[in-house]
Amino acid sequence: MAYTGEVQVGGPADVHELTDLMISKVAVGPMNNNAYLLRCRRTGEQLLIDAANEPETLLELIGSDGIASVVTTHRHGDHWQALAPVVEGTGARTYAGRHDADGIPVGTDVLVEDGDTVRVGEVGLTARHLVGHTPGSIALVYDDPHGHPHLFTGDCLFPGGVGNTHDDPEAFASLLNDVETKLFAQLPDETWVYPGHGGDTTLGAERPHLGEWRERGW
């Protein structure tokens, strides 16, 4: 079946098969978080984005091959509840944005800066530092040489708007500016967006609404 990105807590993962990378998306409770398992098809190495919750679900998804690394997109607790048991069970190296790492109660092995490359096997992901939802949120861009880019946004971009900035106008302006300049201005409409909660979207579907978001202030 074709990948849709529609997953439910307690349901199976949805798998997006690319030429060099396999992306498995699963939803975990209780806050309907998405976790993404990336597998390099050439080497078999795996990376997990957001060990959000339900460690048993994530470890089953990871399987006997284990993971080399786990990336936490930001410091909010619903994105790292399973981080400790997943790291304990796999020995994975931990990655997080430099300015959010002190808010994650599992030690960060690699502090990620804007523009850094995070690798899974022979596949490179480019980190983009986005300020506003938290001080150190990161998104990850896979610029697929065989097709369009793929973008993992944590809680910074969703279908219908940017992430929650808690009615802080300065934080909202910062996040929207970063999303516009570092994502929309640099990536094509075909870019597939994998958010931290809910269904997927594309930059092309969201681009016409940037002015509306700025005007409404959230």
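The preceding data block contains the structure.
Residues numbered from 1 in each chain as written. Predicted model: local features only at pLDDT ≥ 70, side-chain atom pairs only at ≥ 80, totals over all residues. Heavy atoms only, no water.

**Student:** Tell me what's going on with the pattern of salt bridges, and back it up with residues and numbers.
**Tutor:** The final tally for this structure, using the stated rule, is nine salt bridges. The closest approach of N and O atoms between Glu113 and Arg98, which form a salt bridge, is 2.3 Å. Taken together, the positions of Glu113 in the loop between strand S7 (110-112) and strand S8 (117-120) and Arg98 in the loop between strand S6 (93-97) and S7 put the pair 15 residues apart, joining distant regions of the chain. Residues Arg128 and Asp114 are paired through a salt bridge, measuring 3.1 Å at the closest nitrogen-oxygen approach. Pair noted here: Arg128 is in strand S9 (residues 123-130) and Asp114 is in the loop between S7 and S8, with a separation of 14 residues, a long-range link. (Salt bridge = Lys/Arg side-chain N within 4 Å of Asp/Glu carboxyl O. Helix = DSSP H or I, 4+ residues; strand = E, 2+ residues; numbered from the N terminus.)

**Student:** Please give an account of the pairing of strand S1 (residues 14-17) that cites residues and values.
**Tutor:** The side chains of a regular strand alternate, first on one face of the sheet and then on the other. Residues of S1 alternate between two faces, with Asp14 and His16 buried on one and Val15 and Glu17 left unburied on the opposite face. Pairing geometry for S1 and strand S2 (residues 21-28), over four bridges, is antiparallel. Residue pairing for S2: Asp14 is matched across the bridge by Lys25. Adjacent in sequence and paired antiparallel, S1 and S2 are bridged by three residues. (Buried < 20%, exposed > 50% of the residue type's maximum accessible area, 1.4 Å probe, protein only. Pairing = 2+ DSSP bridges.)

**Student:** Explain empty space enclosed by the protein to me, using residue names and the numbers behind them.
**Tutor:** Applying the stated criterion across every chain, the model contains one cavity of 30 Å³ or more. What the largest cavity holds in volume is close to 30 Å³. For the largest cavity, the full set of lining residues is Thr72, Leu83, Thr94, Tyr95, Ala96, Ile104 and Thr108. Sorting elements by how many residues they give to the lining of the largest cavity places S6 first, with three residues. Broken down by class, the residue content of the lining of the largest cavity amounts to four nonpolar, three polar and no charged. (1 Å grid on protein atoms, 1.4 Å probe; cavity = no way out; pocket = protein on both sides within 12 Å on 5 of 7 lines; lining within 4 Å. Points joined across faces, edges and corners; volume = space filled by probe spheres on them. Nonpolar A, V, L, I, M, F, W, Y, C, P; charged D, E, K, R; others polar.)

**Student:** Go over the packing of aromatic side chains, please, and point to the residues and values.
**Tutor:** Summed over all chains, the structure comprises seven aromatic pairs. When the ring of Trp192 is compared with that of Tyr194, the centres are 6.5 Å apart and the planes differ by 45°; the resulting orientation is tilted. Judged by its relative accessible area of 0%, Tyr194 is buried. These aromatic residues form a ring-pair network of at least three members: Tyr3, Tyr36, Phe152, Trp192 and Tyr194. Across the ring face of Trp218, the terminal group of Arg216 is positioned such that the distance to the ring centre comes to 3.7 Å. (Phe/Tyr/Trp six-rings, centres within 6.5 Å; stacked < 30°, edge-to-face > 60°. Lys NZ or Arg CZ within 6 Å of the ring centre and 35° of its normal.)

**Student:** Tell me what's going on with the pairing of S9, and back it up with residues and numbers.
**Tutor:** In terms of burial, S9 is a largely internal element, six of the eight residues being buried. As consecutive antiparallel partners, S8 and S9 are separated by two residues, and within that stretch Gly121 has a phi angle of approximately 60°, a positive value. Bridge count for S9 against strand S10 (residues 137-142) is five bridges, and the pairing is antiparallel. When the sheet's bridge partners are listed, Arg128 is paired in S10 with Ala139. Hairpin remark: S9 followed by S10, antiparallel, with six residues in the connecting loop; positive phi at Gly132, about 150°.

**Student:** Would you mind going over the packing of helix H1 (residues 55-62) against helix H2 (residues 83-90) in detail, with residue names and values included?
**Tutor:** Two numbers describe how H1 lies on H2: the axes approach to 9 Å, and their chain directions differ by 35°. Helix-helix and strand crossings are classified by hand; for H1 and H2 the assignment is right-handed. For the pair H1 and H2, the contacting residues are Pro55, Leu58, Leu59 and Ile62 in the first and Pro85, Val86 and Thr90 in the second. Across the contact of H1 with H2, the residue classes break down as six nonpolar, one polar and no charged. (Axes fitted to C-alpha atoms, helices over the stretch in contact; angles between N-to-C directions. Left-handed = near helix turned anticlockwise from the far one by under 90°. Contact = heavy atoms within 4.5 Å.)

**Student:** Describe the layout of surface pockets, listing the residues and the values that go with them.
**Tutor:** Any space left empty among the atoms is revealed by the rolling of a water-sized probe across them. Here the largest pocket is characterised by a volume of approximately 170 Å³. Along the wall of the largest pocket there are 16 residues; nearest its centre are Val162, Gly163, Asn164, Thr165 and Trp218. At the level of secondary structure, the elements contributing two or more residues to the lining of the largest pocket comprise strand S13 (161-162) and helix H3 (169-184). Residues of the lining of the largest pocket, tallied by class, amount to six nonpolar, seven polar and three charged.

Interpretation note: all reported values are geometric properties and have no functional meaning in isolation.
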